[in-house]
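What follows is the residue order along each chain.
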Amino acid sequence: MSSTSEFYRNFFTKRTKELKPAVQSAPGWKLFGKVPPRENLPKDSKIIQQEYEARTGRMYKPPPPSARRKNIEFEPLSTTALILEDRPANLPAKSVEEALRHRQEYDEMVAEAKKREIKEAHKRKKIMRERFKQEENIASAMVIWVNEILPNWEGMRATRRVRELWWQGLPPSVRGKVWSLAVGNELNITPELYEIFLSRAKERWKSFSETSTENEIEDAGASVADREASLELIKLDISRTFPSLYIFQKGGPYHDLLHSVLGAYTCYRPDVGYVQGMSFIAAVLILNLEEADAFIAFANLLNKPCQLAFFRVDHSMMLKYFAAFEVFFEENLPKLFLHFKSYSLTPDIYLIDWIFTLYSKSLPLDLACRVWDVFCRDGEEFLFRTGLGILRLYEDILLQMDFIHIAQFLTKLPEDITSEKLFSCIAAIQMQNSNKKWAQVFASLMKDNKEGDKNHSPAPKS
């Protein structure tokens, strides 16, 4: 599949927001410190002249055309240029001092406008240079991945060179292939198996639509779990998936495809069913893989311990992940950790949404895909390392906030977050505590939990 940025360029355009009608104003008059009353209609110039003559008792002779607009070699093209204009013929002419002052003010306005224009031009050139450099790097990296790494995947995937290249981000043209290889297929799902479960989903869809509606199910008192597992609920969630792209919503090119993958999964794993957040994960895979391959990667990805714990809402396991996260939170960001503690702000408030969608809902799509790149390389540890990277990036801002504002900020992160800044902060996070790495800390928490369960188990009956 092509890159996510290509989807932006080639397939979809954001809808243009309706422009509000321009507010009527009189900028030329404001320059002279007077604003005509809004409720009065503008008078004709002849009427104004007649009123002036009646009030003064004398005729006003405008200066000859040749005497007007001296040293002005242009027609005013904006309200800025109005400052150089002579006053209307029916008003007293400007004094020499006022005309000079207006000329100086106009020159200052033009100079400031030129500065802004030059600054914007430099900014555009810098962005273009960075984009060109990035495209060159992607092109050269693609050659290495296609010709050297992928043909020798098992032997090269763990080498230092490949891991460093991987960290820099996968070329969009090979991203799907690398994700599939890295996630693996421990479940041994085949394209034929996908078609079987898709057929079952379509049958259930048909029977479901013929027998009842979602409102009838809710009225009947169906449990939350039953409604989450229903295929009908998938339709509601698809409409909320990447709404700004307009590709997964009804009528979009990927609506039916996303519906199919999610529907087939609910039939494949009825013990898990459909849970909100799944649609974002499936959508990202669909953007980078063919339909059957996207389903295979989706099912295997959700079968990983961390994802399974969250999507099955295993509270005990989720608490272990939160506890492990806090160990490294305190180690890397002690000030922010204490700040959060002072407000009793626990990781579940912001981490659940990040983990459920693998950051695809919280971060810009291109940046989320780069997070996925390294997540496929490093596993669940990188998800929590990314969370700490986000907290590090905005540490100074978060330290100034209270509970409500922190929760709101982390729920909806700034849209201008860049991959360079975020990955720089992620790289600075040390996933080691008392010489223990993430996996060791998590295993230790699991061990303590088991021992605690033994100590609190009831005594055997005599």
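Look a little higher up for the structure.
Residues numbered from 1 in each chain as written. Predicted model: local features only at pLDDT ≥ 70, side-chain atom pairs only at ≥ 80, totals over all residues. Heavy atoms only, no water.

Asker: Go over the overall build of the protein with me, naming the residues and quoting the values.
Answerer: If you tally the helices and strands in the protein, you get 24 helices and two strands. Considering the protein as a whole, with its 462 residues, one finds that 39% of them fall into the buried category. Residue pairs in contact within the protein that sit at least 24 positions apart in sequence constitute 71% of those at least 6 positions apart. (Helix = DSSP H or I, 4+ residues; strand = E, 2+ residues; numbered from the N terminus. Buried < 20%, exposed > 50% of the residue type's maximum accessible area, 1.4 Å probe, protein only. Contact = heavy atoms within 4.5 Å.)

Asker: A description of the pattern of salt bridges should follow, citing residues and the corresponding values.
Answerer: One pass over the full model with this rule turns up 11 salt bridges. Linking E164 and R160 is a salt bridge whose minimum nitrogen-to-oxygen distance equals 3.2 Å. One end of the pair, E164, and the other, R160, are both in helix α6 (residues 160-167), four residues apart, so they sit about a helical turn from each other. Take R160: its relative accessible area is 67%, and that puts it in the exposed class. Its salt-bridge partner being D378, residue R377 comes within 2.7 Å of it at the nearest N-O pair. Several salt bridges converge on common partners, so that one network encompasses R163, R377 and D378. (Salt bridge = Lys/Arg side-chain N within 4 Å of Asp/Glu carboxyl O.)

Asker: Describe helix α12 (residues 255-268), with residues and values.
Answerer: If you check α12, its first and last C-alpha atoms are 20 Å apart, about what 14 residues at 1.5 Å a residue would give, namely 20 Å. Here α12 lies mainly inside the structure; 13 of its 14 residues are buried. (Expected span 1.5 Å × (residues − 1).)

Asker: Describe the packing of helix α16 (residues 315-332) against helix α17 (residues 334-342), listing the residues and the values that go with them.
Answerer: In the contact formed by α16 and α17, the axes pass within 5 Å of each other and the chain directions differ by 125 degrees. Relative to α17, α16 is oriented oblique. The residues of α17 that touch α16, namely those facing E326, F329, E330, E331 and N332, are P334, L336, F337, F340 and K341. Its residues placed into classes, the contact of α16 with α17 shows five nonpolar, one polar and four charged. (Axes fitted to C-alpha atoms, helices over the stretch in contact; angles between N-to-C directions. Parallel < 35°, antiparallel > 145°, perpendicular 65-115°, else oblique. Nonpolar A, V, L, I, M, F, W, Y, C, P; charged D, E, K, R; others polar.)

Asker: Residue-level account of helix α4 (residues 96-149), with values.
Answerer: The end-to-end C-alpha distance of α4 is 77 Å, a good match for the 80 Å that 54 residues give at a rise of 1.5 Å each. Taken together, the buried positions of α4 are occupied by E98, H102, Y106, A141, W145 and I149. Check the buried side of α4 and you find it contacts α5 (153-156), α6 and α7 (172-183).

Asker: Before we move on, can you summarise the nonpolar core with the specific residues and values?
Answerer: Grouped together as the largest cluster of nonpolar side chains are 115 residues, with contacts concentrated most on W145 and L391. Ignoring anything within four residues of it in the chain, the contact list for W145 reads L150, P151, W153, V162, L165, W166, L170, P171, V174 and V178. (Core = buried A, V, L, I, M, F, W, Y, C linked by side-chain atoms within 4.5 Å.)

Asker: Can you break down a nonpolar patch on the surface residue by residue, with the values?
Answerer: There is a patch of nonpolar side chains on the surface, built from M142, V143 and V146 and spanning about 220 Å² of accessible area. Relative to the helices and strands, M142 is located in helix α4. For M142, a relative accessible area of 32% translates into the label partly exposed. (Patch = residues over 30% accessible without salt bridge, like charges linked within 9 Å, V, L, I, M, F, W, Y side chains within 5 Å. Areas by Shrake-Rupley, 256 points an atom, 1.4 Å probe, with all protein chains shown as cover.)

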